[in-house]
Amino acid sequence: MEYKVLFTGPAGAGKTTAITAVSEVTTLNTDVKNNDVDIDKLTTTVGLDYGEMSLSNGDKLRLYGTPGQQRFDFMWEILSRGALGLVILIDNRKPDPVADLNVYLDGFKSLIDTTSCVVAISHMDTHPEPNIEYFSEHLNQRGILCPVLEADVREARHVAELLELLMLQLEAKQDMVRDMDSYAD
Ligand SMILES: Nc1nc2c(ncn2[C@@H]2O[C@H](COP(=O)(O)OP(=O)(O)OP(=O)(O)O)[C@@H](O)[C@H]2O)c(=O)[nH]1
Ligand SMILES: [Mg+2]
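As the structure is a computational prediction, the values presented were derived from the model and not from experiment. (Residues numbered from 1 in each chain as written. Chains lettered and ligands numbered in written order. Predicted model: local features only at pLDDT ≥ 70, side-chain atom pairs only at ≥ 80, totals over all residues. Heavy atoms only, no water.)

**Focus on the sheet that holds strand β7 (residues 116–122)**
Part 1 of the argument: Taking strand neighbours across the sheet as the criterion, the six strands line up as β4-β5-β1-β6-β7-β8 in an open arrangement whose pairing is mixed. Edge positions in the open sheet fall to β4 (49–54) and β8 (148–150), since each of these has one partner strand only. Neighbour-to-neighbour, the strand axes of this sheet turn through a mean angle of 25 degrees, independent of strand direction.
Part 2 of the argument: The pairing of strand β1 (residues 2–8) with strand β6 (residues 85–91) spans four bridges and is classified as parallel. When the bridges of β6 are listed, Thr 8 appears paired with Ile 88.
Part 3 of the argument: Packing of helix α5 (residues 132–141) onto the sheet brings it into contact with β6, β7 and β8, and relative to β8 it is tilted by some 165 degrees.
Part 4 of the argument: Relative to the sheet, helix α6 (residues 156–184) contacts β1, β4, β5 (60–65), β6, β7 and β8, its axis offset from that of β7 by approximately 155 degrees. (Pairing = 2+ DSSP bridges. Helix = DSSP H or I, 4+ residues; strand = E, 2+ residues; numbered from the N terminus. Axes fitted to C-alpha atoms, helices over the stretch in contact; angles between N-to-C directions. Contact = heavy atoms within 4.5 Å.)

**Re the packing of aromatic side chains**
Part 1 of the argument: As enumerated under the stated definition, the model contains four aromatic pairs in all.
Part 2 of the argument: By way of ring pairs, the aromatic residues Trp 76, Tyr 104 and Phe 108 are connected into one cluster.
Part 3 of the argument: Over the ring of Tyr 64 we find Lys 4; its NZ or CZ atom is 4.7 Å from the centre of that ring. (Phe/Tyr/Trp six-rings, centres within 6.5 Å; stacked < 30°, edge-to-face > 60°. Lys NZ or Arg CZ within 6 Å of the ring centre and 35° of its normal.)

**A few points about the coordination of the magnesium ion (ligand 2)**
Part 1 of the argument: Note on the magnesium ion (ligand 2): its protein donors are Thr 16 (OG1) and Thr 45 (OG1). The metal-donor distances range over 2.0 Å. Of this pair, Thr 16 sits in helix α1 (residues 15–22) while Thr 45 sits in strand β3 (residues 43–45), placing them 29 residues apart in sequence.
Part 2 of the argument: For Thr 45, a relative accessible area of 6% puts it in the buried group. (Donors = N, O, S within 2.8 Å, 3.2 Å for Na, K, Ca; no water. Buried < 20%, exposed > 50% of the residue type's maximum accessible area, 1.4 Å probe, protein only.)

**Quick notes on the layout of surface pockets**
Part 1 of the argument: By volume, the largest pocket is sized at about 350 Å³.
Part 2 of the argument: Lining the largest pocket are 21 residues, and of these Gly 12, Ala 13, Gly 14, Thr 17 and His 123 sit closest to its centre.
Part 3 of the argument: When contributions to the lining of the largest pocket are tallied by element, the ones reaching two or more residues are α1 and β3.
Part 4 of the argument: In the lining of the largest pocket, the residues fall into three nonpolar, ten polar and eight charged.
Part 5 of the argument: Here the second largest pocket defines a volume of roughly 300 Å³.
Part 6 of the argument: For the lining of the second largest pocket, the elements supplying multiple residues, two or more each, are α3 (97–107), α4 (109–114), β7 and α6.
Part 7 of the argument: The biggest single contributor to the lining of the second largest pocket is α6, with four residues.
Part 8 of the argument: Residue composition of the lining of the second largest pocket, grouped by class: seven nonpolar, four polar and five charged. (1 Å grid on protein atoms, 1.4 Å probe; cavity = no way out; pocket = protein on both sides within 12 Å on 5 of 7 lines; lining within 4 Å. Points joined across faces, edges and corners; volume = space filled by probe spheres on them. Nonpolar A, V, L, I, M, F, W, Y, C, P; charged D, E, K, R; others polar.)

**Observations regarding the pattern of salt bridges**
Part 1 of the argument: Enumeration according to the criterion identifies eleven salt bridges in this entry.
Part 2 of the argument: A salt bridge links Arg 142 to Asp 106, with the shortest nitrogen-to-oxygen separation between them at 2.7 Å. Taken together, the residues span a long stretch of sequence, with Arg 142 in the loop between α5 and β8 and Asp 106 in helix α3 at a distance of 36 residues.
Part 3 of the argument: Of the residues examined, Arg 142 reaches a relative accessible area of 33% and is grouped as partly exposed.
Part 4 of the argument: Here Asp 113 ties to Lys 109 by a salt bridge, and the two come within 2.6 Å at their closest N and O atoms. Here Asp 113 and its partner Lys 109 are both found in helix α4, four residues apart, which amounts to about one turn of the helix.
Part 5 of the argument: Classification of Asp 113 by relative accessible area gives partly exposed; the value is 46%.
Part 6 of the argument: Via salt bridges that share partners, Glu 2, Glu 52, Lys 60 and Arg 62 belong to a single interconnected network. (Salt bridge = Lys/Arg side-chain N within 4 Å of Asp/Glu carboxyl O.)

Encoded structure:
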């Protein structure tokens, strides 16, 4: 099976880094020199990221990343089409990471409701607060079933774990739908 997975989150959270860390093919790169003083790095993505990764069971993931800058949010809808899972990467260095999370929970609501979702917090090595429990409680309060975990996306192992978790979520959701269908019969 092949699945399309989408990475999103603010500029600097590590979408390009994550996809590059695990991709088995040369990643598509649309980064350009960054002129935004609010983003503390040399380049930023202006189109999309793309990479591919195989899972241990032979399934293949097509990995897409959105640009982080808000001016590109018209790309969200386009890149969401056909996706079976969403990874929201949150940059814990930002002034209000929970508010950032809300932007993506709202912006990708229909994808989250119909497919699977994982929230990953990056930059926790330098910025440990808010902690995972805080994010988790926030998701609970919003009634969103979506695991949240720490991830240093420079580490391929961390990214692979995120994706395995996303696939488990997807299976659980599909089982739930199947159970409900058979109940309706
Ligand atoms: N210290 C630390 N650095 C990290 C961590 N995760 C990612 N990084 C670094 O943070 C930066 C993330 O940059 P990108 O991958 O370009 O971020 P992006 O989300 O693609 O950003 P845009 O394309 O601008 O939206 C890179 O320099 C990574 O090496 C982490 O957990 N800890
Ligand atoms: Mg990028």
